[in-house]
Protein chains: 2
Amino acid sequence: MNAARRSPAITPDASLRADDGSPARRGRLVQQEEDVFMRIQEAILDHRLPPGTQLKEVPLSEVFGVTRGMLRKVLTRLANTKLVEQRPNRGAVVASPSVEESRDLFAARRAIEGAIVDILSKRITRAQVKTLRRMIADEHQAYARGELRSGLKQSIDFHRVLAEMAGNSVLAEFLEELVTRTPLVILAYKDHKAREPGCDTDDHGAIVDALEAGDAATAARVMHEHLAELESQLNLREDHGSTDLAAIFSV
Amino acid sequence: MNAARRSPAITPDASLRADDGSPARRGRLVQQEEDVFMRIQEAILDHRLPPGTQLKEVPLSEVFGVTRGMLRKVLTRLANTKLVEQRPNRGAVVASPSVEESRDLFAARRAIEGAIVDILSKRITRAQVKTLRRMIADEHQAYARGELRSGLKQSIDFHRVLAEMAGNSVLAEFLEELVTRTPLVILAYKDHKAREPGCDTDDHGAIVDALEAGDAATAARVMHEHLAELESQLNLREDHGSTDLAAIFSV
DNA sequence: CACACATCGATTGTCAACAATGTTAATCCG
DNA sequence: CGGATTAACATTGTTGACAATCGATGTGTG
């Protein structure tokens, strides 16, 4: 079910090195695992490790200075969140989300975030509104200064915080996974002819307005539109998925 | 965040044995892992391994005739679906869902299954309606014959199939997790004074009716009510969670 | 020359011994 | 005798060596 965009089997030595070779290890082996997990995750989400890249265990473990077993655990964790795909006996590769999967992801986000704002509209506090408003202001500032990357990160955090505030840990965890997967989908399918995808409208502000007013229906509607717009900025036409030989050789 | 209902550290030798000691192993080591996974999962969902039970690696691996490493992987997988809790350096125990977690779970199911019926109402086929109707009939028969366990299992399958039919793999996977966790919650919190919780109303039929009619709103509403009723049959009052000493010693 | 088959190197998967940590029980003061 | 300290044990966590598998390359044959 994965888009068959296969990148060459990069051995990413130069790409994401930098580990203190110092053997200053305490009981923080778990810390170390977390660190490796985050580093690889970030590399994937930045497309420093593009979809399809083979993640070989030995080179990677050497780069990070951890044992192969540890790295293996990290790869499994990344597979759990669908950022990498583990093929039995054939190693792990960076996931290539298919169009269908990407659409499903956005549909799922609509469902879950719709529920989140619905819940939140009934229990949001003054302080929370204030926090959200400040986040939006910061976000706008970042965009205004042209700091696209920072702005995007803050946009994402807005959605995360919304989920936390709703106080439903189950939904929050699900959304966390979806929000993490979103950048991979965006980078994989962003339409180069269109403008940079992102939450640089004022939908966030409108959502907070509705939440403050306790207007669940409006909040949900704006959230839906917001996500639909984000999705619409992507180039999610079918083909991609099935290596279309005819098209490739322009027959 | 877990209900502190701690059961004695059962070493479940007699409880779930039975493994072919025959060394008829082929390349099916992964099969074996799946088998152990399912066996433990079923034991948990049946409350043969009640919440709080310690799952020690050596005894369990011996019972199933697998290596400790294999069992360890299984425990991690079970922890991923929240059926067991892994405490660093202190082993794994069967999860004790808290009241809050249980409520969140039902709220999440409402959100996700609401979205599922909404999607499905727009694309359901004749054949699918027929399949669902047959499932409902079978389910009713089971209940009518007093086969409670079978009926419950079929009720659950109904929800699963609905998710599959909607064709959104992301939502389907989320729901799969929630549906799996539900029996644990039910068994942990079922109100012994009330009647056996389950889907033995005809809500399922009403949902299919609405789906067939393409009436998304009604389908979603009935689904909501259906889940709300199931939740209401549980004894989800606060306390449970924080070992209430005063109550225990009736001070 | 195309295709099936065998061999070799590279890579992943498994295991059993070892290390680290937590838990329990005994011991030693105060 | 209560409470802390420490020693012995039980349990989990990690590692490096070994085994199984895959993919590529080369070879033989119709």
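Calculation notes
- Residues numbered from 1 in each chain as written.
- Chains lettered and ligands numbered in written order.
- Predicted model: local features only at pLDDT ≥ 70, side-chain atom pairs only at ≥ 80, totals over all residues.
- Heavy atoms only, no water.
- Salt bridge = Lys/Arg side-chain N within 4 Å of Asp/Glu carboxyl O.
- Helix = DSSP H or I, 4+ residues; strand = E, 2+ residues; numbered from the N terminus.
- Buried < 20%, exposed > 50% of the residue type's maximum accessible area, 1.4 Å probe, protein only.
- Near = heavy atom within 4 Å.
- Polar contact = N/O pair within 3.5 Å; in protein donor to acceptor, adjacent residues only side chain to side chain.
- Nonpolar A, V, L, I, M, F, W, Y, C, P; charged D, E, K, R; others polar.
- Expected span 1.5 Å × (residues − 1).
- Contact = heavy atoms within 4.5 Å.
- Pairing = 2+ DSSP bridges.
- Buried area = accessible area lost by both parts, 1.4 Å probe.
- Axes fitted to C-alpha atoms, helices over the stretch in contact; angles between N-to-C directions.

**Student:** Is there a simple way to explain the pattern of salt bridges in this structure?
**Tutor:** Pairing is possible between side chains of opposite charge, provided their charged atoms come close. All names here are of chain A. Applying the stated rule across the entire model yields 40 salt bridges over all chains. We note a salt bridge from Lys73 to Glu33, for which the minimum N-O separation is 3.3 Å. In this pair, Lys73 sits in helix α3 (residues 68-80) while Glu33 sits in helix α1 (residues 29-45), placing the two residues 40 residues apart along the sequence. On the basis of relative accessible area, Lys73 is assigned to the partly exposed category, the value being 45%. What makes Glu33 buried here is its relative accessible area of 10%. A salt bridge links Arg160 to Asp157; the shortest N-O distance between them is 3.3 Å. Of this pair, Arg160 and Asp157 both sit in helix α6 (residues 148-166), 3 residues apart, which is roughly one turn of that helix. For Arg160, a relative accessible area of 26% gives the class partly exposed. Each of Glu33, Glu34, Lys73 and Arg77 takes part in a single network of salt bridges with overlapping partners.

**Student:** Would you mind going over the protein's contact with DNA strand C with me for this structure?
**Tutor:** Around DNA strand C sit 14 residues, and of these A:Arg68, A:Arg72, B:Thr67, B:Lys73 and B:Arg90 come closest. The sugar-phosphate backbone supplies 77% of the atoms of DNA strand C found within 4 Å of the protein. Between DNA strand C and B:Asn89, the relevant distance is 3.5 Å, taken from a sugar or linking oxygen to a side-chain nitrogen or oxygen of the residue. Elements supplying a minimum of two residues to the surface near DNA strand C: α3 of chain A together with α3 (68-80) of chain B. When grouped by side-chain class, the residues that make up the surface near DNA strand C number 3 nonpolar, 4 polar and 7 charged.

**Student:** Please clarify how helix α5 (residues 126-144) of chain A should be interpreted in this entry.
**Tutor:** Note: α-helices contain 3.6 residues per turn, so residues at a spacing of three or four share the same orientation. All names here are of chain A. A rise of 1.5 Å per residue sets the reference length of α5, with its 19 residues, at 27 Å; its end C-alpha atoms lie 27 Å apart and thus fit the reference within 8%. In the core, the buried residues of α5 are packed alongside α4 (99-121), α6 and α8 (203-212). Gly146 lies just past α5 and shows a positive phi near 80°.

**Student:** What am I meant to see in the pairing of strand β3 (residues 91-94) of chain B here?
**Tutor:** Two faces make up the sheet, and in a regular strand the side chains alternate between them. Bridge count for strand β1 (residues 54-55) of chain B against β3(B) is 2 bridges, and the pairing is antiparallel. Each residue of the ladder has a partner; that of B:Gln54, found in β3(B), is B:Val93.

**Student:** What am I meant to see in the pairing of strand β2 (residues 84-87) of chain A here?
**Tutor:** All names here are of chain A. Here β2 runs beside strand β3 (residues 91-94); their pairing, made up of 4 bridges, is antiparallel. In the sheet register, Arg87 faces β3, and the bridge partner there is Gly91. What sits between β2 and β3 in their antiparallel hairpin is a turn of 3 residues, with Asn89 showing a positive phi close to 65°.

**Student:** Teacher, can you tell me more about the interface of chain A and chain B here?
**Tutor:** Opposite the 21 residues of chain A that make contact, chain B presents 21 residues. Interface of chain A and chain B: buried area, both sides summed, is about 1,400 Å²; carbon and sulfur atoms make up 61% of it. Ranking the residues of chain A by area buried against chain B places A:Asp104, A:Val170 and A:Phe174 at the top, with a combined share of 35%. Applying the counting criterion to the chain A and chain B interface returns 2 salt bridges. In this structure, B:Glu173 and A:Lys82 form a salt bridge, with 2.5 Å as the shortest nitrogen-oxygen distance.

**Student:** I'm lost on the environment of A:Ser150 in this one. Help?
**Tutor:** Residue and element names in this part refer to chain A. For Ser150, the location among the structural elements is in helix α6. For Ser150, a relative accessible area of 30% translates into the label partly exposed. On a C-alpha basis, the gap between Ser150 and Glu139 in space is 7.9 Å, while along the polypeptide they are 11 residues apart.

**Student:** Looking at this model, I keep getting lost on the sheet that holds β1(B). Mind explaining?
**Tutor:** Hydrogen bonds between backbone atoms are what pair the strands of a sheet, whose relative direction is either parallel or antiparallel. Residues and elements named next belong to chain B. The 3 strands are arranged β1-β3-β2 in an open sheet whose pairing can be described as antiparallel. Single-partner strands in this sheet number two, and they are β1 and β2 (84-87). The sheet strands contacting α3 are β1, β2 and β3, and the helix crosses β2 at an angle near 115°.

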